Amino acid sequence: MKPSGGFVHCGVVLLFAVAAGTAVATIYFAQPLLVTMGADLGIATSTVGGIVTLTQLGYGLGLFLLVPLGDLLDRRRLVTGQLALLAIAELVAATAANGVVLFAGMAAIGVLAVVTQLLVAFAASLADPGERGRVVGLVTTGVVLGILLARTVSGTLADLAGWRAVYVVSAGVTVLIAIVLYRVLPATPPAKSMDYGRLLRSTWSLFVEEPVFRTRGTLALLIFAAFGTLWSSVALPLSEDGLSHTAIGAFGLAGAAGALAAAPAGRLADRGRARWTTGLALGLLLLSWIPLGFTRSSLWALAAGAILLDLAVQAVHVTSQTLIYPLRPDAGSRLIGGYMIFYSTGSGLGAIGSTTVYAVAGWTGVCLLGAAFSVAALAVWRVRDAR
């Protein structure tokens, strides 16, 4: 690896991918554990979704406040320092004696987990232009796998040693990765001085000046609200039906299959079929709620619905990123951060909405909520997406 760019060794790319996947997984560990965490700390079923909501809202705050620092500070120190703080936040959650402390720890985890986006940008900056797409693609694969496999890992660890062990083990792995990164990566002082306040203000200006960015951000909010509706509440009926944490978490593997099938979406967008691809994916997103509605009577229906839903969400997500990155090549990190704010807000909205609705209207109500988010996304695509 060369500090100022050049060929990035495959082992270093793998390290970036593992680090990014491990960091982003921290905001999804809780999803199959909500019932157990709530029961342990006396958190009501109607509010237990706040665990995920605070994590996602914290992630959105971190995207706005921390990601731009990559243009101001030494990236190596920033990344490793943020990973160290993330490990501390995980230990706070793991040792929480009540819901208030747990909520605070989860919010801090969300804020600090945005180190994932800094890792993607860091990897890209160390690669030759001719290999940058390959490097970013590999690191992004680590991110996607971290998101999708987090539920499986946390469910298995919780069955073996309790939900607190999930965050203790993750904190240890995070510290180890931070040490290795600090030893392997070069110091990268910023190329030029930038005003932090101006960077933050320029993120808001992107919303005003770029209509495609606004539309794609709105779609991100709605599709990830649907995503959060499923994955933040599915543990509730499955736990009531007697499934273990491992079994509940294993449904993340079904989502992984859907994400892998979504890979052609980027190629279709490159060929000018972005609007068509988005519309088809949003149709599948709405369709997915039909088999998901039969979750209480058939786990096969849940698996089929999860594959369809994750396929649709990833297809729209990939297509949107393909469209927004070229808008402002000089503001890539701010575009990433701004777009992901919509993502995080939608995920949090789906989490709190689904658990609240479940307490009142059961699983049928949750599926209707998810379908409503899907219909809204279709309407936005039909009316506003001119691509």
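Above this text is the structure in question.
Just so you know, these numbers come straight off a predicted model, no measurement behind them.

Participant: Could you give an account of the packing of aromatic side chains, with specific residues and numbers?
Facilitator: One pass over the structure, following the stated rule, counts nine aromatic pairs. Note on Phe224 and Tyr343: the rings are 4.3 Å apart at their centroids and 75 degrees apart in plane angle, and the pair reads as edge-to-face. Separated by 119 residues along the polypeptide, Phe224 in helix H10 (residues 211–231) and Tyr343 in helix H16 (residues 332–384) bring together distant segments of the chain. According to the relative accessible area criterion, Phe224 is buried, its value standing at 2%.

Participant: Any details on helix H5 (residues 99–112)? Residues and values, ideally.
Facilitator: If you check H5, its first and last C-alpha atoms are 20 Å apart, about what 14 residues at 1.5 Å a residue would give, namely 20 Å. For H5, the secondary structure elements touched by its buried residues are helix H2 (34–41), helix H3 (50–65), helix H4 (75–94), helix H6 (115–125) and helix H8 (163–184). Among the residues of H5, the N-terminal cap falls to Asn98, whose side-chain oxygen and the backbone nitrogen of Val100 are separated by 3.1 Å.

Participant: Residue-level account of the pattern of salt bridges, with values.
Facilitator: Oppositely charged side chains may form a pair once their charged atoms are brought near each other. The full count for this structure, using the stated rule, is two salt bridges. Asp40 serves as the salt-bridge partner of Arg164, at 3.2 Å between the closest nitrogen and oxygen. In this pair, Arg164 sits in helix H8 while Asp40 sits in helix H2, placing the two residues 124 residues apart along the sequence. A residue is classified by how much of its surface remains accessible, and Arg164, at 27% relative accessible area, is partly exposed. Judged by relative accessible area, Asp40 falls into the partly exposed class, the value being 41%. Notably, a salt bridge pairs Asp74 with Arg77, separated by 3.9 Å at the nearest N-O pair. Judged by its relative accessible area of 15%, Asp74 is buried.

Participant: Pulling in residues and values, what's your account of the environment of Thr277?
Facilitator: Structurally, Thr277 is set in helix H14 (residues 274–292). Residue class for Thr277 comes out buried when judged on its relative accessible area of 6%. Sequence separation of Thr277 and Pro264 is 13 residues, and the distance between their C-alpha atoms is 9.7 Å.

Participant: Describe a nonpolar patch on the surface, listing the residues and the values that go with them.
Facilitator: A cluster of nonpolar side chains, namely Leu85, Ile88, Val92 and Val101, defines an oily patch on the protein surface of about 310 Å² accessible area. The leading source of residues in the nonpolar patch is H4, at three residues. Following the sequence through the fold, Leu85 ends up in helix H4.

Participant: Explain the packing of H4 against H5 to me, and be specific about the residues and the numbers.
Facilitator: If you want to describe how two helices pack, look at the angle between their axes and the distance between the axes. Where H4 meets H5, the closest approach of the two axes is 8 Å, and the angle between their N-to-C directions is 160 degrees. With respect to each other, H4 and H5 are oriented roughly antiparallel. For the pair H4 and H5, the sense of crossing is left-handed. Residues Gln82, Leu85, Leu86, Ala89, Glu90, Val92 and Ala93 of H4 form the contact with H5, whose participating residues are Val101, Leu102, Gly105, Met106, Ala108, Ile109, Val111 and Leu112.

Participant: Requested: an account of the nonpolar core, with residues and values cited.
Facilitator: Leu102, Tyr167 and Leu230 are the most contacted members of the largest nonpolar core, which has 114 residues in total. The greatest single-element share of this core, amounting to 17 residues, is contributed by H16. When residues no more than four places from it in sequence are discounted, the contact partners of Leu102 are Met37, Leu41, Ile43, Ile51, Ala93, Ala96 and Trp163.

Participant: Before we move on, could you go through H2 and cite the residues and values that matter?
Facilitator: Residues separated by three or four positions in an α-helix point in the same direction, a consequence of the helix having 3.6 residues per turn. Among the residues of H2, Leu34, Met37, Gly38 and Leu41 are the ones counted as buried. For H2, the buried positions fall inside an angular range of 95 degrees around the axis, keeping them on one side. Each element contacted by the buried residues of H2 is listed here: H3, H5 and H8. Among the residues trailing H2, Gly42 stands out with phi positive, at a value near 70 degrees.

Reading the values: rules and limits
- Residues numbered from 1 in each chain as written.
- Predicted model: local features only at pLDDT ≥ 70, side-chain atom pairs only at ≥ 80, totals over all residues.
- Heavy atoms only, no water.
- Phe/Tyr/Trp six-rings, centres within 6.5 Å; stacked < 30°, edge-to-face > 60°.
- Helix = DSSP H or I, 4+ residues; strand = E, 2+ residues; numbered from the N terminus.
- Buried < 20%, exposed > 50% of the residue type's maximum accessible area, 1.4 Å probe, protein only.
- Expected span 1.5 Å × (residues − 1).
- Contact = heavy atoms within 4.5 Å.
- Polar contact = N/O pair within 3.5 Å; in protein donor to acceptor, adjacent residues only side chain to side chain.
- Salt bridge = Lys/Arg side-chain N within 4 Å of Asp/Glu carboxyl O.
- Patch = residues over 30% accessible without salt bridge, like charges linked within 9 Å, V, L, I, M, F, W, Y side chains within 5 Å.
- Areas by Shrake-Rupley, 256 points an atom, 1.4 Å probe, with all protein chains shown as cover.
- Axes fitted to C-alpha atoms, helices over the stretch in contact; angles between N-to-C directions.
- Parallel < 35°, antiparallel > 145°, perpendicular 65-115°, else oblique.
- Left-handed = near helix turned anticlockwise from the far one by under 90°.
- Core = buried A, V, L, I, M, F, W, Y, C linked by side-chain atoms within 4.5 Å.
- Arc of directions from axis to C-beta.

Geometric descriptors of this kind do not, in isolation, establish any biological role.
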